[in-house]
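Summary of structural features
Chain by chain, the residues run as shown.
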Amino acid sequence: QTPARATASAKSAPSGDWPTYNGDYTGRRYSSLTQVTPENAHALRAQWVFHSRNAGVLQVTPVVVAGVMFVTGSNDAYALDAVTGKTLWHHARPVSDGLIDDASGHINRGVAVMGSQIYMETDNAHLLCLDARSGNLLWDVAYAKDNRNYGATSAPLVVKGKVLVGTSGGDDGVRGFVAAFDAQTGKEAWRFWTIPAPGEPGSETWPKGDIYLHGGGTTWMPGTYDPELNTIFWGTGNSSPDFDGSVREGDNLYTDCIIALDPDTGKLKWHFQFTPHDLNDFDATETPVLVDAIYQGRSRKLVIQANRNGFIYTLDRTTGEFLSAKQFSLFQNWAKEIDAKGRPVRTALVPNIEGARMCPSYAGATNWFSPSYSERTHLFYFISLEDCTVFSAKPEPFEEGKEYYSTGAKHLPTENMKKYLLAYDFRKNEFAWRSPQVGDGHSSAGVMSTATGLVAFGDDAQEFEIANATTGAPLWHFNVGQQIHASPMSYAVDGKQYFAVAAGSDLFTFALP
Ligand SMILES: O=C(O)c1cc(C(=O)O)c2c(n1)C(=O)C(=O)c1cc(C(=O)O)[nH]c1-2
């Protein structure tokens, strides 16, 4: 009945386990393991490789509990011996027919664990409960109805005996929500709709009528959780249709927000919206990272998010109060500034029928790939993308079975993409360092950090890298031969520390000899 390592997951995991998508509830992706250090990292060696039978690009972060690793690829789940990589069981499930856009992309980011049960979302938004020892299906709940454009790509999050899930389809005219299910029975406990129905709080930020049914605000990344505040923090996606805002005048709450919810009831405690009336696909689904610190002379509970819109934000997570924003994009042209309340002051540029070159691009100045906060260096690490696209807008009707971008975003042939690994000092609201990546910008790789002062990340040139977290100086790298579209993690079995990262359809592990 007790969540696996419940106390461990509330703080940074002190054991060798990595029991949730982000390693723990804080979203810091900070490992307290200390075997690998700046002095010995050069000696890391590949240990074993797991090849997924599904041909898609793995986006999974493996979860490890008591020496067993759980990996998903598309709708398949695997349990592996975390020391040898040997498959213990494989739960096969075909990809679904008839899905569109992200839901048809064979994307799955992993499992959640509670006791001897694991949970995963399927491409067509079912929540599966599997027996962790056999992979046998215990139950299967379809949780998104009334619109064929729903899908799911996220890893669920288990909080206080409930499994929390979200959906994809925010570019396809669905209505977003976070839903919670009893982890034993699969019975729905609550559902928070990210787009309010007429008359509900927030509905005044939408036009009257049925547009809310197609308003987006999807929830395609796992949230974070603060047990002391009894609050979960979830990032919501863009408003829909993406580029033509004329059919949705207003701020369009609760799209592009962090929403703070009560995990027992699903009631909204506060929200903060990064991009009111989004016109550029600036989902705010990037991990809301929980940081406790003396901030501007006061002990504070903070939440930090590097947002797709090109700014990194620090909020008070007890109240949602805006504390600071800092532009991390070297160049952006959609906002003149972020004002004292945290609201962007827009430039005159907007998507239009002729097309407007705007930066960041539709891919975002950062995206879902993990950031990390190091409790040792007190720096916040994430990967940024310098990129611009031409955004075009034209009214289109909503139709099931079709995307709902109203219209599109394209690269100019002369546009070059460039990635950076950034270290942000939130207390000074400055960047400690910025490390340019070699590559063409097409990777989607995340970052993690360790208690020995390491950052580990997938770079933009098919290399898994480890660097000094204080300076950014490279210490070690390994060419995985494929682009990395996943975030790394670290675990230990019998005192031996491993790093794991997915690349292409393979998962690689590394350790000292
Ligand atoms: O609005 C949505 O529902 C939604 C879902 C997803 C997804 O589920 O992966 C992506 C996006 N949006 C998105 O905007 C985006 O840039 C993106 C990149 C990726 C990916 O797999 O690399 N997924 C998604």
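A brief report on the enclosed structure follows. What you see is a predicted model; the values in this text were computed from it and never measured. (Residues numbered from 1 in each chain as written. Predicted model: local features only at pLDDT ≥ 70, side-chain atom pairs only at ≥ 80, totals over all residues. Heavy atoms only, no water.)

Side note on the overall build of the chain
The criterion, for reference: Helical segments are the DSSP runs of H or I of at least four residues, strand segments are the runs of E of at least two, and each set is numbered from the N terminus. Exposure is judged per residue with a 1.4 Å probe applied to protein chains only, and the accessible area is read against the type maximum: over 50% gives exposed, under 20% gives buried, and values in between give partly exposed. Only heavy atoms enter the contact rule, under which two residues are in contact if any of them lie within 4.5 Å. Here the accessible surface of atoms and residues is derived via Shrake-Rupley with a 1.4 Å probe, and residues count as covered only by protein chains that are part of the display.
Scanning the chain from terminus to terminus reveals 1 helix and 38 strands. Dimensions of the chain, computed from the C-alpha atoms along their principal axes, are close to 60 × 50 × 50 Å. Going through the 513 residues of the chain one by one, you find that 66% of them count as buried. For the chain, contacts bridging at least 24 residues in sequence account for 60% of all contacts bridging at least 6. Carbon and sulfur atoms provide 51% of the accessible area of the chain, an area that totals close to 17,700 Å².

Let's talk about the sheet that holds strand E3 (residues 63-65)
The condition that has to hold: Pairs of strands are assigned from DSSP output, requiring at least two bridges between the strands. Where helices are involved, their axes are fitted lines through C-alpha atoms of the stretch in contact, as for all axes, and angles between N-to-C directions lie from 0 to 180°.
The strand order across the open sheet formed by 4 strands is E3-E4-E5-E6, and the pairing between neighbours is antiparallel. Where the open sheet ends on each side, the last strands, each with one partner, are E3 and strand E6 (87-91). With strand direction ignored, the average angle separating the axes of adjacent strands in the sheet is 20 degrees. Pairing of strand E4 (residues 68-73) with strand E5 (residues 76-81) involves 6 bridges; the strand directions are antiparallel. Directly across from Thr-72, in E5, lies its bridge partner Ala-77.

Description of unusual backbone geometry
The amide bond that connects Ser-240 to the next residue, Pro-241, takes the cis arrangement and shows omega of 0 degrees. Residue Pro-360 is reached from Cys-359 by a cis peptide bond, and omega for that bond is 0 degrees. Tracing the backbone through its elements, the reader meets Pro-360 in the loop between strand E25 (356-358) and strand E26 (372-373). Located in the positive-phi region is Gln-296, a residue other than glycine, with phi close to 50 degrees. Relative to the elements of secondary structure, Gln-296 occurs in the loop between strand E19 (289-295) and strand E20 (298-306). For His-378, which is not a glycine, the phi torsion comes out positive at approximately 60 degrees. Within the secondary structure, His-378 is located in the loop between E26 and strand E27 (380-386).

A few points about the sheet that holds strand E14 (residues 188-193)
Strand pairs in the sheet, formed through backbone hydrogen bonds, run parallel or antiparallel to each other. Taken in spatial order, the 4 strands line up as E11-E12-E13-E14 in an open sheet, and their pairing is antiparallel. The open sheet has two edge strands, strand E11 (157-159) and E14, and neither has a second partner. Neighbouring strand axes in the sheet, compared pairwise and without regard to direction, differ in orientation by 20 degrees on average. Sheet topology places E11 next to strand E12 (residues 162-165); 3 bridges connect them, and they run antiparallel. Opposite Val-158, over in E12, you have Val-163 as the bridge partner.

Focus: the side chain of Thr-37
As for its position among the elements, Thr-37 is in the loop between strand E1 (30-31) and strand E2 (45-51). Other than its neighbours up to four places away in sequence, Thr-37 contacts Thr-452 and Leu-454.

Re the site of the ligand
Let me state the cut-off plainly: Consider each residue's heavy atoms; a residue with any of them within 4 Å of a molecule or strand counts as near. Counting of polar contacts relies on pairs of N or O atoms within 3.5 Å, with two restrictions inside protein: one atom must be capable of donating a hydrogen and the other of accepting it, and residues adjacent in sequence are counted only when both atoms are side-chain atoms. In this classification, the charged set is Asp, Glu, Lys and Arg, the nonpolar set is Ala, Val, Leu, Ile, Met, Phe, Trp, Tyr, Cys and Pro, and all remaining amino acids, among them Gly, are polar.
Taken together, 17 residues are adjacent to the ligand, and Gln-59, Thr-153, Ser-168, Gly-170 and Thr-218 come closest. With respect to the ligand, the backbone of Gly-170 contributes an N or O atom lying 2.8 Å from an oxygen atom. Within the side chain of Thr-218, one N or O atom sits 2.7 Å away from an oxygen atom of the ligand. Burial of the ligand by the surrounding chains reaches 89%, relative to a free accessible area of 470 Å². Residues that form the shell around the ligand fall into these classes: 3 nonpolar, 8 polar and 6 charged.

Let's talk about the pairing of E14
Relative to E14, strand E13 (residues 177-182) runs antiparallel, the two being bridged by 5 bridges. Across the sheet, the residue bridging to Phe-181 is Glu-188, located in E14. Once E13 ends, the chain turns through 5 residues before running back antiparallel as E14, passing Gly-186 with a positive phi of about 80 degrees.

Quick notes on the pairing of strand E23 (residues 335-338)
One ladder, built from 3 bridges, connects E23 with strand E24 (residues 344-346); its direction is antiparallel. Across the sheet, the residue bridging to Glu-337 is Val-345, located in E24. Hairpin remark: E23 followed by E24, antiparallel, with 5 residues in the connecting loop; positive phi at Gly-342, about 95 degrees.

A word on the pattern of salt bridges
How we decide: What makes a salt bridge here is a side-chain nitrogen of Lys or Arg within 4 Å of a carboxyl oxygen of Asp or Glu, nothing more.
The final tally for this structure, using the stated rule, is 19 salt bridges. The closest approach of N and O atoms between Glu-399 and Lys-402, which form a salt bridge, is 4.0 Å. For Glu-399, a relative accessible area of 39% corresponds to the partly exposed category. Judged by its relative accessible area of 46%, Lys-402 is partly exposed. The residue Asp-425 makes a salt bridge to Lys-428 at a minimum N-O spacing of 3.8 Å. Overall, Asp-425 belongs to the buried group, its relative accessible area being 13%. Note on Lys-428: relative accessible area 58%, which makes it exposed.

Some thoughts on the environment of Asn-429
Here Asn-429 shows up in the loop between strand E30 (418-425) and strand E31 (430-436). The class of Asn-429 is partly exposed, set by a relative accessible area of 21%. Residues within four places of Asn-429 in sequence aside, it is in contact with Ser-324, Ala-325, Lys-326 and Tyr-424.

Description of the packing of aromatic side chains
Filter applied, for reference: Put simply, two rings from Phe, Tyr or Trp (the six-membered ring, in Trp's case) pair if the centres are within 6.5 Å, and we call them stacked under 30 degrees between planes, edge-to-face over 60, tilted for the rest. For a lysine, the NZ atom is tested; for an arginine, the CZ atom; a charge sits over a ring if that atom is within 6 Å of the ring centre and within 35 degrees of the ring normal.
Summed over the entire model, instances satisfying the criterion amount to 36 aromatic pairs. Where Tyr-119 meets Trp-139, the ring centres are 6.0 Å apart and the plane angle is 50 degrees; that geometry is what we call tilted. Of this pair, Tyr-119 sits in strand E8 (residues 117-121) while Trp-139 sits in strand E10 (residues 137-142), and the two are 20 residues apart along the sequence. Taking relative accessible area as the criterion, Tyr-119 reaches 0% and is therefore assigned buried. The interplanar angle of 85 degrees and the centroid separation of 4.8 Å between the aromatic rings of Phe-328 and Phe-382 together place this pair among those described as edge-to-face. Placement of the pair is Phe-328 in the loop between strand E22 (322-327) and E23 and Phe-382 in strand E27, with a sequence separation of 54 residues. Each member of the pair, Phe-328 together with Phe-382, is buried. Put simply, the rings of Phe-464, Trp-476, Phe-478, Phe-499, Phe-508 and Phe-510 pair up and form one aromatic cluster. Looking at Arg-29, its charged tip hangs above the ring of Tyr-21, at a distance of 4.7 Å from the centre.

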